[in-house]
Amino acid sequence: MKKIFLFITMAFLSTSIFAQTTWKVDPMHSQLSFSIVHLGISDIDGVFNKFDVTVVKPNKDFSDAVFTLNVDVSSINTHVEMRDNHLRSDDFFDVKKYPIMTFKSTSCIKRSDEEYLLTGNLTLHGITKTVSMKLWHRGTIEDAKTKKSIAGFQLTGVIKRSDFNLGSKFLSPMLSDEVQIKADGEFKQQP
């Protein structure tokens, strides 16, 4: 009886281990963007040009997947060089002191066939806060050339500047406290 139980346990564990897959972001087909309201009347958009995301998926779907993000904060781009330099200064991101923004998920809860609630720890400007965002799995396809799987995601949500002490000299309505986050990405399954 013990041998049968041990065999079933080992079979279950080996299936679980082998089912885990790792996915890496394709930077050529991905974007990490944000939007903030200026003077209460216009949206100012920007992107971070340099970032890396890895997803480790333990299940058939993406429930309980672990998303890990690293962003080079100095790669911020709002298409206005003077503003980008100001954002890199100690008035905002202080990239000399805090060059990297990170996120690591603590849960990925399936809400429907395509939607998840992604929660994790965001570290920005030296401060770590728990944030939750909506994650839309747009689908998974097979690359015709490589025969590898590619998954598409869109992440949307809101963070507050004040939670991370970003631009504390610039109060609302000059700059909204809420910052809209939107990320679109293609992820390639790793061998």
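Use the structure listed above.
All values derive from a computational prediction rather than experimental measurement. (Residues numbered from 1 in each chain as written. Predicted model: local features only at pLDDT ≥ 70, side-chain atom pairs only at ≥ 80, totals over all residues. Heavy atoms only, no water.)

1. Details of the side chain of Ser75
Line of reasoning, step 1. With respect to the helices and strands, the residue Ser75 is situated in the loop between strand S5 (66–72) and strand S6 (76–77).
Line of reasoning, step 2. The exposure class of Ser75 is buried, given its relative accessible area of 8%.
Line of reasoning, step 3. From its side chain, Ser75 meets the backbone nitrogen of Asn49 in a polar contact 3.1 Å long.
Line of reasoning, step 4. At a separation of 2.6 Å, a polar atom in the side chain of Ser75 contacts the main-chain carbonyl oxygen of Asp72.
Line of reasoning, step 5. Those residues in contact with Ser75 that sit more than four places away from it in its chain are Val47, Phe48, Asn49 and Lys50. (Helix = DSSP H or I, 4+ residues; strand = E, 2+ residues; numbered from the N terminus. Buried < 20%, exposed > 50% of the residue type's maximum accessible area, 1.4 Å probe, protein only. Polar contact = N/O pair within 3.5 Å; in protein donor to acceptor, adjacent residues only side chain to side chain. Contact = heavy atoms within 4.5 Å.)

2. Observations regarding the packing of aromatic side chains
Line of reasoning, step 1. What the rule picks out here adds up to 7 aromatic pairs.
Line of reasoning, step 2. Ring centres of Phe34 and Phe48 lie 5.6 Å apart, and the angle between their planes is 45°; on these two criteria the pair is classed as tilted. Taken together, the positions of Phe34 in strand S2 (residues 31–38) and Phe48 in strand S3 (residues 42–48) put the pair 14 residues apart, joining distant regions of the chain. Phe48 matches Phe34 in its accessibility class, with the two residues each being buried.
Line of reasoning, step 3. A ring pair is formed by Phe62 and Phe153, whose centres lie 4.9 Å apart and whose planes are at 90°; its orientation type is edge-to-face. Residue Phe62 is located in the loop between strand S4 (51–57) and S5, and its partner Phe153 is located in strand S10 (residues 149–160); the two are separated by 91 residues in the primary sequence. For the residue pair Phe62 and Phe153, the accessibility class agrees, reading buried in each case.
Line of reasoning, step 4. Joined through ring pairs, the aromatic side chains of Trp23, Phe62, Phe67, Phe153 and Phe187 make up one cluster.
Line of reasoning, step 5. Lys57 extends its terminal NZ or CZ atom over the ring of Phe62, reaching a point 5.2 Å from the ring centre. (Phe/Tyr/Trp six-rings, centres within 6.5 Å; stacked < 30°, edge-to-face > 60°. Lys NZ or Arg CZ within 6 Å of the ring centre and 35° of its normal.)

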